[in-house]
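# Structural overview for review
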Amino acid sequence: MKDLTLFNSLFDDFGFGGYSYPAVHVKTAYQTPKVDVREEKDSYILEMDLPGKTDKDVNVELNKNVLTISSVPEEKPAVKQENTESPKWLIRERTPVSFSRSFTLPDDVNTDELSALCRNGILEIKMPRKPQNTPRKITISRA
């Protein structure tokens, strides 16, 4: 794959007393969906794990040559029971999280033909490649 660039918030903060060590945010790293990108003959395929998400929960945008995949969970009001003010959580590990991942696409991607499909918790984005210029013979005319 040519020039696929990934902007990942995992290494956004640099600097520790003048040194360039990334500040690793464990919570951010844990909540960022994992991505696989494979190159095929005529396209690139990006697959992102989004367990429990549907197409309505995810936003895919293309601005110039930057593909951004994001999700902001909808705030749900707390369910109140008749005798209590709010539910008492004993364990709560499944809190709604938001994320945003951006990728700079290679120059050979046909951005007019991108397609996305969300199925079984996996987002698949197909990025067809532009046809390559093939050499052709140019005939020389006689003077």
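Now for a quick tour of the structure. Bear in mind that the values here come from a model prediction, so they are computed numbers and not experimental data. (Residues numbered from 1 in each chain as written. Predicted model: local features only at pLDDT ≥ 70, side-chain atom pairs only at ≥ 80, totals over all residues. Heavy atoms only, no water.)

A few words now on the overall build of the chain. When helices and strands are counted, the chain shows one helix and ten strands. Counting from the amino terminus, the chain carries its helices and strands in the arrangement β-β-β-α-β-β-β-β-β-β-β. In the chain, which comprises 143 residues, the proportion classed as buried is 20%. Long-range contacts, defined here as pairs at least 24 residues apart, represent 59% of the contacts in the chain between residues at least 6 apart. For the chain, the computed accessible surface area is about 12000 Å², with 50% contributed by carbon and sulfur atoms. (Helix = DSSP H or I, 4+ residues; strand = E, 2+ residues; numbered from the N terminus. Buried < 20%, exposed > 50% of the residue type's maximum accessible area, 1.4 Å probe, protein only. Contact = heavy atoms within 4.5 Å. Areas by Shrake-Rupley, 256 points an atom, 1.4 Å probe, with all protein chains shown as cover.)

Moving on to the sheet that holds strand E9 (residues 115-119). The strand order across the open sheet formed by four strands is E4-E5-E10-E9, and the pairing between neighbours is antiparallel. The sheet terminates laterally at strand E4 (35-39) and E9, the two strands that pair on one side only. Neighbour-to-neighbour, the strand axes of the sheet open up by a mean angle of 15°, direction not taken into account. Examined bridge by bridge, E9 and strand E10 (residues 122-128) share five bridges and lie antiparallel to one another. Bridged to Ser115 within E10 is Lys126. (Pairing = 2+ DSSP bridges. Axes fitted to C-alpha atoms, helices over the stretch in contact; angles between N-to-C directions.)

The side chains of a regular strand alternate between the sheet's two faces. By the bridge criterion, five bridges tie E4 to strand E5 (residues 43-49) in an arrangement that is antiparallel. Across the sheet, the residue bridging to Val37 is Leu46, located in E5. Counted along the chain from E4 to the antiparallel partner E5, the turn is three residues long.

This part takes up the nonpolar core. By size, the foremost hydrophobic cluster in this structure holds 14 residues, and its most contacted members are Leu46, Met48, Leu50, Ile69, Leu123, Ile125 and Met127. Looking at this core, the elements with two or more residues in it are E5, strand E7 (66-71), strand E8 (99-104) and E10. With near-sequence residues (within four places) excluded, Ile125 lies in contact with Tyr44, Ile45, Leu46, Val60, Leu67, Ile69, Ser115 and Ala116. (Core = buried A, V, L, I, M, F, W, Y, C linked by side-chain atoms within 4.5 Å.)

On to the pairing of E7. With five bridges connecting them, strand E6 (residues 59-63) and E7 associate as antiparallel partners. Within E7, the position partnered with Glu61 by the bridge is Thr68. What sits between E6 and E7 in their antiparallel hairpin is a turn of two residues, with Lys64 showing a positive phi close to 60°.

It is worth spelling out the pattern of salt bridges at this point. Side-chain pairs of opposite charge can arise where the charged atoms are in close proximity. As enumerated under the stated definition, the model contains four salt bridges in all. Linking Arg129 and Asp108 is a salt bridge whose minimum nitrogen-to-oxygen distance equals 2.9 Å. Highlighted residues: Arg129 in the segment after E10 and Asp108 in the loop between E8 and E9, separated in sequence by 21 residues. Judged by relative accessible area, Asp108 falls into the buried class, the value being 11%. (Salt bridge = Lys/Arg side-chain N within 4 Å of Asp/Glu carboxyl O.)

Let us now look at the packing of aromatic side chains. Taken as a whole and judged by the stated rule, the model has zero aromatic pairs. In this structure, Arg92 is placed above the aromatic ring of Trp89, and the distance from its NZ or CZ to the ring centre is 4.3 Å. (Phe/Tyr/Trp six-rings, centres within 6.5 Å; stacked < 30°, edge-to-face > 60°. Lys NZ or Arg CZ within 6 Å of the ring centre and 35° of its normal.)

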